[in-house]
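# Summary of the model geometry
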Amino acid sequence: MDPPETAYPVITSYWGDAQPDRATMLSGDEAADVAVVGGGLAGMSTAYYLKLTRPDLDVVLIEKEYLGYGASGRNFGNVPQLSHQEIGYMLGLLGAEDTRFVVQHQARMLDEYEALIAEQDVECGFQRLPVLYVAIKAEHLAGLEEIHQLHRRFGIPSRLLTPSHVADVCNAATFGGLSCERNATVQPFERARGFGRAVTSLGVRVHEGTGVDRCDEAATSVRLHTPGGTVTAAQVVFATNAYTSLLGIGNGAIRAAYTYVIGTTPLHREQLVEIGWSGDHTMLVDAGPLNEHFYMRVTRDGRFLIGGGGRTRETIGAIADHNDPAFYRRLQIEMVRRFACLEDAEVGVAWGGPLGMTDSRLPVMSRISPRCFLNAGFNGRGALIAALSGRIMVGHVLGAELADADYVRFGRLLFERDAAEAARP
Ligand SMILES: Cc1cc2nc3c(=O)[nH]c(=O)nc-3n(C[C@H](O)[C@H](O)[C@H](O)COP(=O)(O)OP(=O)(O)OC[C@H]3O[C@@H](n4cnc5c(N)ncnc54)[C@H](O)[C@@H]3O)c2cc1C
């Protein structure tokens, strides 16, 4: 039976929100060596690693709202590897040798992601925890077995679980699952805000509450126009995620999609016992087609969260209002379908956020015009990659010789696939 109709308490993000720091708003005209537009993980990482590599560089970071306002402060907190479910796709795309490199490099990235949190001294609840893909339909099991074989071939730690093993993790009715060990979880808003503090203390000039309306590129510089003034820079990086098309850049290579999450109020002890969540896994994700899957986790204060799906292939302008009751309702129904005991659970929180999608399902990190670069399109999986994307952007903006060779190779293999379309004049 479907759960009762309810009004959904929609907020920006369950994990936290802020106000733009008005004292930093741009007023007047400024110049910089490099301007980065967009204060999510991708923009902050770009500014951070540029400044770390060349401390003498004058770097300015421009954010329309506040650092961490977009997907980076609203996500599900899973820190994934691209190669979990996508390993077959990557093998087809790259061949065996480069796939092996990509897998190994992502293992290194997770270590570096953890080290970066320590270096930046950020309290964001980082924990290495596996993710569990579950077959809720019998036909999804063969796919998980195939992925597992590929994991064995490329040295990705994973285990196939029988339905009774899955039941040890939680009381969901499944046909089995695949537990992927190389995975982590964070509190995303704290991760993003801590990144922001690190960027500022490194000497990057941050302008919050400052939206870029348009840009003019000339022979020697690019001028960014905002309501309060202009920034003229020798080079500009756009890290504007799903909002990219609103600036008229990228030729539609970055499309917008919206995804949604609901969470219950903290569950009673009996409800927690009934869903039987062991806490040994960060989250459960449905196996099967990516555009149909839902993901779930239980928070430290005992709320059940479920997210996923959403509307895709629409322009951001058409979906700027992310308060979509029909989709929140769908999430509630999916929650009860999996855990009938949550039928009467109260929905205590609901939120949504924008995703930047691409044809290749991989981000674009590349030059798009003589003085402009794009770092966007994480296809709903940017927690790890966007946070370290600055290491790749250093190669683009400052030259490959100043960047780590493995990051340069990783970026070339994966993140220049939609670049030609994004750069089309
Ligand atoms: C609900 C939800 C759940 C998710 N779950 C996960 C997950 O569990 N794991 C995972 O890996 N990924 C997840 N993602 C995706 C992940 O959050 C993103 O891939 C990542 O945060 C993208 O970072 P970004 O910096 O590119 O974008 P954003 O964080 O969106 O940052 C872009 C910024 O640009 C600013 N901006 C835009 N236009 C302008 C302008 N004209 N002028 C100035 N500033 C501008 C925006 O205000 C925004 O702050 C999820 C996303 C959502 C929405």
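That block above? That's the structure.
So, a few notes on the structure that sits alongside this text. None of the values given here were measured: they were computed from a predicted structure. (Residues numbered from 1 in each chain as written. Predicted model: local features only at pLDDT ≥ 70, side-chain atom pairs only at ≥ 80, totals over all residues. Heavy atoms only, no water.)

### Quick word on the site of the ligand
Taken together, 37 residues lie around the ligand, and Glu63, Ser72, Asn78, Asn241 and Ala383 are the ones closest in. Val212 places a main-chain nitrogen or oxygen 2.9 Å from a nitrogen atom of the ligand. Taken by itself the ligand offers 1000 Å² of open surface, and the protein chains cover 97% of this. Those elements that provide at least two residues to the shell around the ligand are helix 1 (41–53), strand 13 (255–264) and strand 17 (347–357). (Near = heavy atom within 4 Å. Polar contact = N/O pair within 3.5 Å; in protein donor to acceptor, adjacent residues only side chain to side chain. Areas by Shrake-Rupley, 256 points an atom, 1.4 Å probe, with all protein chains shown as cover. Helix = DSSP H or I, 4+ residues; strand = E, 2+ residues; numbered from the N terminus.)

### Points about the nonpolar core
If you look at the biggest cluster of nonpolar residues, it comprises 59 residues, and the most contacted ones within it are Tyr113, Val199, Phe410, Leu414 and Phe415. At the level of secondary structure, the elements contributing two or more residues to this core comprise strand 1 (30–37), helix 1, strand 2 (59–62), helix 2 (87–94), helix 3 (96–119), helix 6 (188–201), helix 9 (383–398) and helix 10 (405–414). Once residues within four sequence positions are removed from consideration, Phe415 is found in contact with Leu82, Leu362, Pro363, Val364, Met365, Ile385, Ile392 and Phe410. Listed in part, the 29 residues of the second largest apolar core include Tyr260, Ile262, Leu267 and Phe294. (Core = buried A, V, L, I, M, F, W, Y, C linked by side-chain atoms within 4.5 Å. Buried < 20%, exposed > 50% of the residue type's maximum accessible area, 1.4 Å probe, protein only. Contact = heavy atoms within 4.5 Å.)

### Observations regarding unusual backbone geometry
Here the phi dihedral of Arg361 falls at roughly 65°; this positive angle occurs in a residue that is not glycine. By the element assignment, Arg361 lies in the loop between strand 17 and strand 18 (364–369). Look at Asn379: it is not a glycine, yet its phi comes out positive at around 50°. Mapped onto the elements, Asn379 comes out in the loop between strand 19 (372–376) and helix 9. Using a relative accessible area of 10% as the deciding quantity, one classes Asn379 as buried.

### Points about the side chain of Asn375
Tracing the chain through its elements places Asn375 in strand 19. Of the polar contacts made by the side chain of Asn375, one reaches the side chain of Thr46; its length is 3.1 Å. Setting aside residues no more than four positions away along its own chain, Asn375 makes contact with Ala42, Thr46, Val237, Phe238, Ala239, Val364, Met365, Ser389 and Met393.

### Here's the deal with the packing of aromatic side chains
The geometry of two aromatic rings is summed up by the distance between their centres and the angle between their planes. The tally for this structure, following the rule as stated, stands at 16 aromatic pairs. Ring centres 5.4 Å apart and planes at 90° place the aromatic pair Phe410 and Phe415 in the edge-to-face group. Here a set of aromatic residues connected by ring pairs shows up, and it is made of Tyr8, Tyr258, Tyr260, Phe327 and Tyr328. The ring of Tyr69 has Arg74 lying over it, and the distance from NZ or CZ to the ring centre is 4.7 Å. (Phe/Tyr/Trp six-rings, centres within 6.5 Å; stacked < 30°, edge-to-face > 60°. Lys NZ or Arg CZ within 6 Å of the ring centre and 35° of its normal.)

### Digging into the sheet that holds strand 7 (residues 177–180)
If you trace the eight strands from one edge of the open sheet to the other, you get 6-7-5-14-15-16-13-17, paired in mixed fashion. Each of the sheet's edge strands pairs with one partner strand only, and the pair in question is strand 6 (158–161) and strand 17. Strand-to-strand twist of the sheet, defined as the mean angle between neighbouring strand axes without regard to direction, takes the value 20°. Relative to strand 17, strand 13 runs antiparallel, the two sharing 10 bridges. In the sheet register, Ala257 faces strand 17, and the bridge partner there is Leu355. Contacting strand 13, strand 14 (283–286), strand 15 (294–298), strand 16 (304–308) and strand 17, helix 8 (residues 325–338) crosses the sheet at an angle of about 50° to strand 13. (Pairing = 2+ DSSP bridges. Axes fitted to C-alpha atoms, helices over the stretch in contact; angles between N-to-C directions.)

### Details of the environment of Ile249
Within the fold, Ile249 resides in the loop between strand 12 (229–238) and strand 13. Ignoring sequence-local partners within four residues, the contact set of Ile249 consists of Phe238, Thr244, Ile368 and Leu374.

### A word on the sheet that holds strand 3 (residues 78–79)
Reading across from one edge, 3-8-4 is the order of the three strands in this open sheet, with antiparallel pairing throughout. Either end of the sheet is taken by a strand with one partner, and the two such strands are strand 3 and strand 4 (127–128). Relative to strand 8 (residues 184–185), strand 3 is paired through two bridges, and the arrangement is antiparallel. Counted as the bridge partner of Val79 is Ala184 from strand 8.

### Considering the pairing of strand 15
When you tally the buried positions in strand 15, you get four out of five residues, the bulk of the element. With five bridges connecting them, strand 15 and strand 16 associate as antiparallel partners. Pairing of Phe294 across the sheet is with Gly308, part of strand 16. Hairpin geometry of strand 15 and strand 16 is characterised by an intervening segment of five residues between the two adjacent antiparallel strands and by a positive phi of about 80° at Gly302.

### Description of the side chain of His148
Mapped onto the fold, His148 is located in helix 4 (residues 139–154). Residues in contact with His148, not counting those within four places in the same chain, are Ser158, Arg159, Leu160 and Leu178.

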